[in-house]
Amino acid sequence: MTTKPTKTTRLDGNPYGLTELPDPPKPPDAMHQRPHIARMDQVLRAHFVHRHDVLVSGEGYLCDVAGNARRSPNPDLIVSFDLDIPPSVIESVANGYTISEVGKPPEFVLEVASETTARRDETVKRDTYASLGVSEYWRFDRTGGRYYVATLAGDRLVDAAYQSIPVASDADGVIRGYSPALGLELHTADRQTVERLGWPITEWELRMGDWQLRFWDPVAEAYVPDLLDALETLAAERAELTTERTARLAAEEEVRRLREALQRHQT
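The structure contained in this document is the topic of the report that follows.

Rules used throughout
- Every chain begins its residue count from 1, and numbering advances along the sequence as written.
- Whole-chain, interface and lining totals are the exception, using all residues; otherwise, since this is a predicted model, local features are given only for residues with pLDDT of at least 70 and side-chain atom pairs are given and counted only at 80 or more.
- For side-chain calculations, the full set of non-hydrogen atoms in the structure is used, while hydrogens and water are omitted.
- A run of H or I in DSSP becomes a helix once it reaches four residues, and a run of E becomes a strand once it reaches two; helices and strands are each numbered from the N terminus.
- Burial here depends on accessible area, computed with a 1.4 Å probe over protein chains only, as a share of the maximum for the residue type. Under 20% is buried, over 50% is exposed, and the range in between is partly exposed.
- Only heavy atoms matter for contacts: two residues are in contact if any of them lie within 4.5 Å across the pair.
- Each accessible area is a Shrake-Rupley estimate made with a 1.4 Å probe; only the visible protein chains count as cover when residues are assessed.
- Salt bridges are defined by distance alone: a side-chain nitrogen of Lys or Arg within 4 Å of a carboxyl oxygen of Asp or Glu.
- Note on definitions: the grid is 1 Å and covers protein atoms alone; a cavity is a set of points where a 1.4 Å probe fits but cannot get out; a pocket is an open set with protein on both sides within 12 Å along at least five of seven lines; lining residues have an atom within 4 Å of a point.
- Grid points are joined across faces, edges and corners, and a volume is the space filled by probe spheres set on the points.
- Just so you know the grouping, Ala, Val, Leu, Ile, Met, Phe, Trp, Tyr, Cys and Pro go in nonpolar, Asp, Glu, Lys and Arg go in charged, and all remaining residues, Gly too, go in polar.
- Classification of ring pairs uses Phe, Tyr and Trp, with its six-membered ring standing for Trp, and accepts pairs whose centres are within 6.5 Å; under 30 degrees between planes counts as stacked, over 60 as edge-to-face, and the remaining range as tilted.
- For a Lys NZ or an Arg CZ to count as sitting over a ring, it must be within 6 Å of the ring centre and within 35 degrees of the ring normal.
- In short, DSSP must find at least two bridges between two strands for them to pair.

### Some words on the overall build of the protein
In terms of helices and strands, the protein carries eight helices and 13 strands. Per-residue burial over the protein gives 43% buried out of 267 residues. Counting contacts in the protein only where the partners sit at least 6 residues apart, residues at least 24 apart contribute 63% of the total. Carbon and sulfur atoms make up 53% of the accessible area of the protein, which amounts to about 14700 Å² in all.

### Describing the pattern of salt bridges
What the rule picks out here adds up to 12 salt bridges. For R45, the salt bridge goes to D41, with nearest N and O atoms at 2.4 Å. With R45 and D41 both in helix α1 (residues 30–47), this residue pair falls four residues apart, about one helical turn. Take R45: its relative accessible area is 30%, and that puts it in the partly exposed class. Judged by its relative accessible area of 14%, D41 is buried. Between E107 and K104 there is a salt bridge whose closest N-O contact spans 2.9 Å. Look at the salt bridges and you will find they share partners, linking D41, R45 and E91 into a network.

### Structural notes on the layout of surface pockets
Put simply, the largest pocket is a space of about 390 Å³. Of the residues in the lining of the largest pocket, the class split is nine nonpolar, five polar and eight charged.

### Regarding empty space enclosed by the protein
Inspection of the entire model under this criterion finds one cavity of 30 Å³ or more. Looking at the largest cavity, its volume works out to about 30 Å³. Together, R39, M40, V43, L213, R214, F215 and V224 line the largest cavity. Listed by contribution, the elements that provide at least two residues to the lining of the largest cavity are α1 and β12 (212–217). Grouping the constituent residues of the lining of the largest cavity by class yields five nonpolar, no polar and two charged.

### Observations regarding the packing of aromatic side chains
Applying the stated rule across the entire model yields five aromatic pairs. Between the aromatic rings of F48 and F81, the centroid separation amounts to 5.2 Å while the plane-to-plane angle is 85 degrees, which identifies the pairing as edge-to-face. Taken together, the residues span a long stretch of sequence, with F48 in the loop between α1 and β1 (55–57) and F81 in the loop between β3 (77–80) and α2 (87–94) at a distance of 33 residues. Residue F48 is classed as buried on the basis of its relative accessible area of 9%. Relative to Y223, the ring of W216 has its centre 4.9 Å away and its plane inclined at 80 degrees; by these criteria the two rings are edge-to-face. Ring pairing ties together the aromatic residues Y129, Y137 and Y162, which thus form one cluster. Directly above the aromatic system of Y137 lies the positively charged group of R139, at a separation of 4.7 Å from the ring centroid.

### Some words on unusual backbone geometry
The backbone of D159 sits at a positive phi, close to 55 degrees, despite the residue not being glycine. The topology assignment puts D159 in the loop between β7 (152–158) and β8 (161–164). For D159, a relative accessible area of 76% corresponds to the exposed category.

### A few points about the pairing of strand β11 (residues 184–189)
Burial runs high along β11: six of the six residues are buried. Covered by surrounding structure in β11 are L184, L186 and T188 together with E185, H187 and A189, the residues of both alternating faces. The pairing of strand β10 (residues 175–179) with β11 spans five bridges and is classified as antiparallel. The residue of β11 that forms the bridge with R176 is H187. In sequence, β10 turns back onto β11 through a hairpin of four residues, with G183 there showing a positive phi of about 70 degrees. Relative to β12, β11 runs antiparallel, the two sharing five bridges. When the bridges of β12 are listed, L186 appears paired with F215.

Right, dumping it as structure tokens:
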């Protein structure tokens, strides 16, 4: 059985002739995953914003050829590096990721557990992502292990087969594993640990799962901020610079007045 052909266009906005893939179906409990996916998407977009060859996207089909889209998975999040096609074109025009057209598979795929997709995430999708050549496949269970076997698990492609990436539970209550593809660590913790460590979190996220996922930058030795955190930091830095500039101008004005007073006294 073949899928219905999708349209291919070559317009000004699609000079690469990418096939526009159909919208994948949404599982009935998709809204429970949404806040976690949204944060991870924002965090990684902000982290790689200086690179114009990196695509951070998700919830579209990931397929080898466009004709197989409807039989292919639609991962929650993908990251692809060193692209020859502008990521904005892939995301806006293709409505998904066709490996044969983009020219390479993504390096990173992540799924967030849901009751309706958990079994496929750990079995069928794992085999599919390996066959598509995805370098790393990660899974995060926002319920702490009710849907997946483990709260956090990752696999790395070695000789066309996945091998488990080491994941450790630390004394501080954080479960962590390192992603060579991203150059970042994935950290997850339950609500009590999150509150104790002071991770930024929204009420929406708390309602949709007790466990949270964050990305840790081992080079900066800090958690990667999301867009809101980054904007707040930028605003604080600008405010500090404004304060310093105001103080400097005031000091310069005081020096000017003192010099004028000294000149008047000398004359």
